[in-house]
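Working through the structure, step by step
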Amino acid sequence: MVLPVSTGAGPASDPEAARALAAELAPRLAARAAAHDAAGTFPEADFADLRACGLLGLMTPARLGGCGASFADYTAVAVELARGAGATALIFNMHSSVTGALAHTPDDLVRQMGAPDSFLAARDRLLADAAAGALYAVAMSERGTGSRLSRTSTVYHATGSGFRITGSKTFVSGAGHADAYLVTAKDAGAFDPRVSYFLVPAGEGTRVEPTWDSMGMRATGSHDVHLDVEVGPDALLGGVEGVTLLLAEAMPQWLVASYAAVYVGVARAALDAGGAHLRERGLHTLPTVRSRMGRADAAVSAAELVVTEAARRVTEQPGTPETNRWVWRAKLTAGDTAAAVASSVLEAAGASATRRGHPLERIYRDARCGALQPATSDVCADWLGVAALDGDPHRDAEVPRW
Ligand SMILES: Cc1cc2nc3c(=O)[nH]c(=O)nc-3n(C[C@H](O)[C@H](O)[C@H](O)COP(=O)(O)OP(=O)(O)OC[C@H]3O[C@@H](n4cnc5c(N)ncnc54)[C@H](O)[C@@H]3O)c2cc1C
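These lines cover the structure that appears in this document, whether it is placed above or below. (Residues numbered from 1 in each chain as written. Predicted model: local features only at pLDDT ≥ 70, side-chain atom pairs only at ≥ 80, totals over all residues. Heavy atoms only, no water.)

What to know about the packing of helix α3 (residues 71-84) against helix α8 (residues 253-280)
Going by this rule: Axis lines are fitted to C-alpha atoms, over the contacting stretch for helices. Their N-to-C directions set the angle, which ranges from 0 to 180 degrees. Helix and strand assignments follow DSSP, with helices taken as H or I runs no shorter than four residues and strands as E runs no shorter than two, numbered in order from the N terminus. Handedness of a crossing follows from how the near helix is turned relative to the far one, being left-handed for an anticlockwise turn of less than a right angle and right-handed for a clockwise one. Contacts between residues were defined by any pair of non-hydrogen atoms, one from each residue, lying within 4.5 Å. Just so you know the grouping, Ala, Val, Leu, Ile, Met, Phe, Trp, Tyr, Cys and Pro go in nonpolar, Asp, Glu, Lys and Arg go in charged, and all remaining residues, Gly too, go in polar.
It is the contact of α3 with α8, at a shortest axis distance of 7 Å, that shows an interaxial angle of 35°. Crossing angle aside, the handedness with which α3 passes α8 is right-handed. Packed against α3, whose contacting residues are F71, Y74, T75, A78, V79, A82 and R83, the element α8 presents Q253, W254, A257, S258, A261, V262, V264, G265, V266, R268, A269 and D272 at the interface. Split by residue class, the contact of α3 with α8 holds 12 nonpolar, four polar and three charged.

Shown next, in the form of structure tokens:
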């Protein structure tokens, strides 16, 4: 049964209301997180709550029934949700990446890229469906090549009436519960294979293989998805082939920095759970414990500032070199901070917090995933290092960034 949200305020119609509802939902998500983590199951009731609060329409423009959120608004909402349940926030991040990128690409740019008007109509339908509760997932990663777009092996062929897509994806958060998947695929016929985005409806031609049994973020249900599917011409996002690498460079926020908000929220959850545990056991007066919590507090606040600053710049000055640099800083700082803080707080809390079912034990495992998600901390650090040494971080790399 889905419990009503306590205020009975109804779905959010603007970003401020969305943020308040996300903060209100966080304890409810936290209360369910242990069971979903243990069983590795998708948090259905969490998503029923998110739907009831209108949060799946967060990025949908108001004219299509959504909240019309900016990237900064998304960041604030994702931090709140992740403070409750990291896995739920991570699935929400994937959905918001799809809807946010669609909503924030200006119509003029889409037309300049050569997209037909039918694409704009299809995009509006997708965004309106999200506001009505549709959930979208991202199916980019593949076994053997991870999320490296340049090595994508899933292929598409033009059929005359659309495209046929064949291949297999892995690590697909929300697989089996999404209404459609954002799929990356390369043109099977091109000499220099171009990688494109398609939005593929769940159902006929898509098969979920339940493979997800990982260390952290277990409730994301990030199973494998096999594709042998025919889609119409409007499934090609942007209406243009081969735009994925271009978008990754020009608009890196949805591929790089949207995770950062999730991992800042996870780091805050480590502080919350650590504080509760330490007070409960009367350990909070120990000087060593206090200094670990003090360092953790400073580290999380610093990471949150970097992530908030990156989000502000993306919202106010998207796509500038300096904004994009903040995007990469945000991902690196959030991923590394979450792992370091969760580890230190766990050590302050002691071995009793490592028992299965203890919130810190789960948060420690969830926090470990931040640095591993693309762009990994090592890749972010290299990108930023090249930029700091006056190089071009996209071109001055021995291997492609994506
Ligand atoms: C909890 C969780 C949820 C996820 N959800 C999704 C999802 O919904 N959809 C999806 O598509 N994927 C998802 N992923 C997958 C994720 O986005 C990555 O694709 C995946 O983690 C890559 O895994 P990999 O083991 O191949 O490692 P890689 O990312 O390939 O990394 C392996 C090593 O190579 C290094 N490396 C990687 N790329 C480069 C490079 N360009 N230059 C230099 N070094 C490099 C890394 O730093 C690392 O040391 C999820 C992952 C996790 C952990």
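Details of the pattern of salt bridges
We apply this condition: Here a salt bridge means any side-chain nitrogen of Lys or Arg lying within 4 Å of a carboxyl oxygen belonging to Asp or Glu. The buried label goes to any residue with under 20% of its type's maximum accessible area, the exposed label to any with over 50%, and the partly exposed label to all in between, with areas taken from a 1.4 Å probe on protein chains only.
Taken as a whole, this structure holds 25 salt bridges when the rule is applied. For R194, the salt bridge goes to D187, with nearest N and O atoms at 3.6 Å. Of the residues examined, R194 reaches a relative accessible area of 39% and is grouped as partly exposed. On the basis of relative accessible area, D187 is assigned to the buried category, the value being 16%. A salt bridge links R292 to E347; the nearest nitrogen and oxygen atoms lie 3.3 Å apart. Taken together, the residues R292 in helix α9 (residues 287-316) and E347 in helix α10 (residues 321-349) connect sequence positions 55 residues apart. We classify R292 as partly exposed; its relative accessible area is 30%. Look at the salt bridges and you will find they share partners, linking R28, R32, D46 and D49 into a network.

Concerning the site of the ligand
Stated formally: We call a residue near a molecule or strand whenever a single non-hydrogen atom of that residue lies within 4 Å of it. The term polar contact refers here to a pair of N or O atoms within 3.5 Å; inside protein, the definition further demands a hydrogen-donor-capable atom paired with an acceptor-capable atom, and it admits residues adjacent in sequence only when both atoms are side-chain atoms. The protein chains shown are the only cover counted for residues, whose accessible areas, like all others here, come from Shrake-Rupley with a 1.4 Å probe.
Within the structure, the ligand sits among 24 residues, and V138, S141, F171, S173 and T376 are positioned closest to it. S147 is positioned with one of its backbone polar atoms (N or O) 3.2 Å from an oxygen atom of the ligand. A distance of 3.1 Å separates a nitrogen atom of the ligand from a polar backbone atom of F171. In isolation the ligand exposes 970 Å². Once the protein is present, 74% of that is buried. Among the elements of the structure, α4 (86-104), β3 (163-172) and α12 (377-388) are those that each provide at least two residues to the shell around the ligand. Grouping the constituent residues of the shell around the ligand by class yields 14 nonpolar, seven polar and three charged.

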